[in-house]
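# Architecture and fold: a report
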Amino acid sequence: MSEPTLDELRDRIDRLDAILIHTLAERFRQTAKVGDLKARGGMPALDPDREARQRARIDALASETGLDPEIARQIHGLIVDRVKENHRKISGEQ
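Residues numbered from 1 in each chain as written. Predicted model: local features only at pLDDT ≥ 70, side-chain atom pairs only at ≥ 80, totals over all residues. Heavy atoms only, no water.

### Notes on the overall build of the protein chain
For the protein chain, the count of helices and strands is three helices and zero strands. Counting from the amino terminus, the protein chain carries its helices and strands in the arrangement α-α-α. The globule rule puts the C-alpha radius of gyration for 94 residues at 12 Å, and the 17 Å found for the protein chain is more than 25% above it. Expressed as lengths along the three principal axes of its C-alpha atoms, the size of the protein chain is roughly 60 × 25 × 20 Å. Sorting the 94 residues of the protein chain into buried and exposed places 16% on the buried side. Contacts in the protein chain between residues at least 24 apart in sequence constitute 63% of all its contacts with a sequence separation of at least 6. When the accessible surface of the protein chain is totalled, it reaches about 7500 Å², and 57% of it is carbon and sulfur. With 17 positive and 18 negative side-chain charges, the protein chain shows a spacing of 7 Å between the two charge centroids. (Helix = DSSP H or I, 4+ residues; strand = E, 2+ residues; numbered from the N terminus. Rg over C-alpha atoms; globule rule 2.2 N^0.38 Å. Buried < 20%, exposed > 50% of the residue type's maximum accessible area, 1.4 Å probe, protein only. Contact = heavy atoms within 4.5 Å. Areas by Shrake-Rupley, 256 points an atom, 1.4 Å probe, with all protein chains shown as cover. Lys, Arg positive; Asp, Glu negative; His and termini not counted. Charge placed at Lys NZ, Arg CZ, Asp CG, Glu CD.)

The structure is reproduced here in structure tokens:
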């Protein structure tokens, strides 16, 4: 089998980018539901214990898949920061 061409590789990357964007959109839809449940239940917007468990889980997943854990932490941290901001807005916290 021949090596993929530059265009083929770029097409694969474009498909992966689309998967990432669709996955992020779904993740934010689900975390908005979590924020709504927390607000209705009078729960705090932030859960430091959950965040710590998730950081450890992300590190493990990165290691398992061969992704640089620092990259995984940065990307996940950005996502979690935005989720926390959304949860604060939903709950009325500042």
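### Quick look at the pattern of salt bridges
Overall, the coordinates contain seven salt bridges when judged by the stated rule. Arg-73 serves as the salt-bridge partner of Asp-59, at 2.7 Å between the closest nitrogen and oxygen. Here Arg-73 lies in helix 3 (residues 69-91) and Asp-59 lies in helix 2 (residues 48-65), a separation of 14 residues in the sequence. Look at Asp-59 and you get partly exposed, because its relative accessible area is 25%. Close ionic contact of Lys-89 with Glu-85 constitutes a salt bridge, the shortest N to O distance being 3.3 Å. Residue Lys-89 and its partner Glu-85 are located together in helix 3, separated by four residues, close to a single helical turn. Residue classification places Glu-85 among the partly exposed residues on the basis of a relative accessible area of 34%. Sharing partners across several salt bridges, the network here consists of Glu-51, Arg-55, Asp-81 and Lys-84. (Salt bridge = Lys/Arg side-chain N within 4 Å of Asp/Glu carboxyl O.)

### With respect to a nonpolar patch on the surface
Taken together, the side chains of Leu-67, Ile-71 and Ile-75 define a hydrophobic patch exposed on the protein surface, amounting to about 250 Å² of accessible area. If you trace the backbone, Ile-71 turns up in helix 3. The exposure class assigned to Ile-71 is partly exposed, which follows from its relative accessible area of 39%. (Patch = residues over 30% accessible without salt bridge, like charges linked within 9 Å, V, L, I, M, F, W, Y side chains within 5 Å.)

### Overview of the packing of helix 1 (residues 6-40) against helix 3
For the pair helix 1 and helix 3, the least separation of the axes is 9 Å and the interaxial angle reads 35°. Note that helix 1 runs across helix 3; the crossing there is right-handed. Taking contact as the criterion, the partners of Leu-24, Arg-27, Phe-28, Thr-31, Ala-32, Val-34, Gly-35, Asp-36, Lys-38 and Ala-39 in helix 1 are, on helix 3, His-76, Ile-79, Arg-82, Val-83, Asn-86, His-87, Ile-90 and Ser-91. Looking at the contact of helix 1 with helix 3 residue by residue, the class counts come to eight nonpolar, six polar and four charged. (Axes fitted to C-alpha atoms, helices over the stretch in contact; angles between N-to-C directions. Left-handed = near helix turned anticlockwise from the far one by under 90°. Nonpolar A, V, L, I, M, F, W, Y, C, P; charged D, E, K, R; others polar.)

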